[in-house]
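# An overview of the molecular structure
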Amino acid sequence: MKEKRLIIKRSGYPSRGEIVIGTVKRVLDFGAFISLDEYEGREGMVHISEVASGWIKDIREHVKKGQKVICKVLDINPKRGHIDLSIKDVNERQKREKLQQWKNEMKAFKWLEIIGEKLNLGFDELEKIGKKLLKEYDSVYSAFEDAAYEGYEVLSPIVGEEFAKEMAEIARENIKPKRVKVRGYFELKSIASDGIERIKKALLEARKVATDGVEMKIEYLGAPRYRIVVEADDYKTAENVLKKATDKVLKTIKKLGGEGNFIREAA
């Protein structure tokens with residue numbers, strides 16, 4: 001007998017443009033019907049023209065019953081219960097990211113089962129807890145991440161103190177804290193005969209503000225641009241160090257008779 005696994009699904013419909021994961025249920029000559037793994041009782045359809053680029057002679061050469069597929073939601077019609085999907089509109093990066101998200105979510109469901117066994121809770125109770133978490137978070141795994149980084153207190157109002165403590169404990173054991181990066185580049189100029197040395201001296205000032213747990217990298221992009229990348233455990237720390245570093249560099253180059261400015265880049 002197949003072991004029952006906890007799977008928690010969202011109610012309602014996905015959003016237009018959302019990347020979803022599903023299981024192929026039926027394949028017909030004109031398209032394939034996909035059961036959405038993340039949404040309760042929802043099924044979408046991929047028309048043959050949305051399965052792959054170019055002309056398709058036989059749709060069954062591209063999709064098969066039982067296959068897991070990553071799709072983009074093209075359109076939804078809640079009144080009719082229709083969800084139009086596309087496989088060909090999903091790029092490789094989106095596929096990798098979605099598959100990793102789904103694997104993480106499967107881990108999170110397993111962690112809920114472990115907590116349930118410890119606290120003697122049934123599947124129905126765990127499903128209710130999971131649905132509460134999905135009302136507050138993009139995924140159950142995201143809730144575990146929050147508990148790992150912020151502590152059990154952030155989940156107590158949602159799942160109760162006892163369950164939240166168990167979530168935080170299992171999260172700390174299994175989730176490695178993420179590092180964040182912030183970046184930008186300097187435009188530094190000096191017309192002095194030793195201008196290059198003055199620019200180097202100004203850039204070295206940036207490293208004086210780095211603190212424990214913060215990594216800083218400065219790279220030459222081609223005159224007059226120099227990129228700075230700051231990596232830390234959280235954005236607040238990274239942003240603080242970046243600001244102090246840029247202030248130091250710009251004040252120093254000005255003091256040395258040069259000029260400069262800083263352009264922030266998207267992380």
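Data block above holds the structure.
To start, this report covers the structure provided alongside it. Just so it is clear, the structure is predicted and the values come from calculations on it, not from any experiment. (Residues numbered from 1 in each chain as written. Predicted model: local features only at pLDDT ≥ 70, side-chain atom pairs only at ≥ 80, totals over all residues. Heavy atoms only, no water.)

### Things to note about the overall build of the protein chain
Defined as follows: Secondary structure is summarised from DSSP: a helix means a run of H or I of at least four residues, a strand means a run of E of at least two, and numbering begins at the N terminus for each. Each radius of gyration reported is based on C-alpha atoms, and the globular scaling rule is 2.2 Å times the count of residues to the power 0.38. Any two residues whose heavy atoms approach within 4.5 Å are treated as being in contact. The accessible surface values rely on the Shrake-Rupley method and a 1.4 Å probe; as for residues, cover is taken only from the protein chains in view. Counted as positive: Lys and Arg. Counted as negative: Asp and Glu. His and the chain ends are not counted at all. Charge positions are represented by NZ for Lys, CZ for Arg, CG for Asp and CD for Glu.
Scanning the protein chain from terminus to terminus reveals 7 helices and 9 strands. In terms of C-alpha radius of gyration, the protein chain reaches 26 Å, well past the compact-globule figure of 18 Å for 267 residues. Each of the three principal axes of the protein chain carries a C-alpha extent, and together these read 80 × 55 × 35 Å. Taking the intrachain contacts of the protein chain between residues at least 6 apart in sequence as the baseline, contacts between residues at least 24 apart amount to 63%. Carbon and sulfur atoms make up 48% of the accessible area of the protein chain, which totals about 16100 Å². Computed over 54 positive and 46 negative side-chain charges, the separation of the two mean positions in the protein chain equals 4 Å.

### Describing helix H5 (residues 161-174)
Test applied: In a helix, the anticipated span is given by 1.5 Å times the number of residues less one. Only protein chains enter the calculation, and the probe is 1.4 Å; a residue is then buried if its accessible area is under 20% of its type maximum, exposed if over 50%, and partly exposed in between.
Given a rise of 1.5 Å per residue, 14 residues ought to cover 20 Å, and the 20 Å separating the end C-alpha atoms of H5 matches this to within 8%. For H5, the set of buried residues is Phe 163, Ala 164, Glu 166, Met 167, Ala 168, Ile 170 and Ala 171. If you follow the buried residues of H5, they end up packed against helix H1 (92-119), helix H2 (123-136), helix H3 (140-150) and helix H4 (156-159).

### What about the sheet that holds strand S3 (residues 43-47)?
The test is simple: For two strands to count as paired, DSSP must find a minimum of two bridges between them. Orientation is described by lines fitted to C-alpha atoms, with helices fitted over the stretch in contact, and by angles between N-to-C directions that extend from 0 to 180 degrees.
An order of S1-S2-S3-S5-S4 is seen for the 5 strands of this closed barrel, with the pairing classed as mixed. Geometrically, the sheet is characterised by an average inter-axis angle of 50° between neighbouring strands, direction not taken into account. Across 5 bridges, strand S4 (residues 68-77) lies against strand S5 (residues 82-86) in antiparallel orientation. Bridged to Val 73 within S5 is Leu 85.

### Structural notes on the packing of H1 against H3
Operational definition: When an angle is under 35 degrees it counts as roughly parallel; over 145 it counts as roughly antiparallel; between 65 and 115 it counts as roughly perpendicular; any other value is oblique. Each crossing is labelled by how the near helix is turned from the far one, with a counterclockwise turn of less than a right angle marking it left-handed and a clockwise turn marking it right-handed. By the convention adopted, Pro, Cys, Tyr, Trp, Phe, Met, Ile, Leu, Val and Ala count as nonpolar, Lys, Arg, Asp and Glu as charged, and the other residues, Gly among them, as polar.
It is the contact of H1 with H3, at a shortest axis distance of 8 Å, that shows an interaxial angle of 70°. Comparing their axes, H3 and H1 come out roughly perpendicular. The hand of the H1/H3 crossing is left-handed. Between H1 and H3, the contacting residues are Asn 104, Glu 105, Ala 108, Phe 109, Trp 111, Leu 112 and Ile 115 on the first element and Val 140, Tyr 141 and Phe 144 on the second. Tallied by class, the residues present in the contact of H1 with H3 amount to 8 nonpolar, 1 polar and 1 charged.

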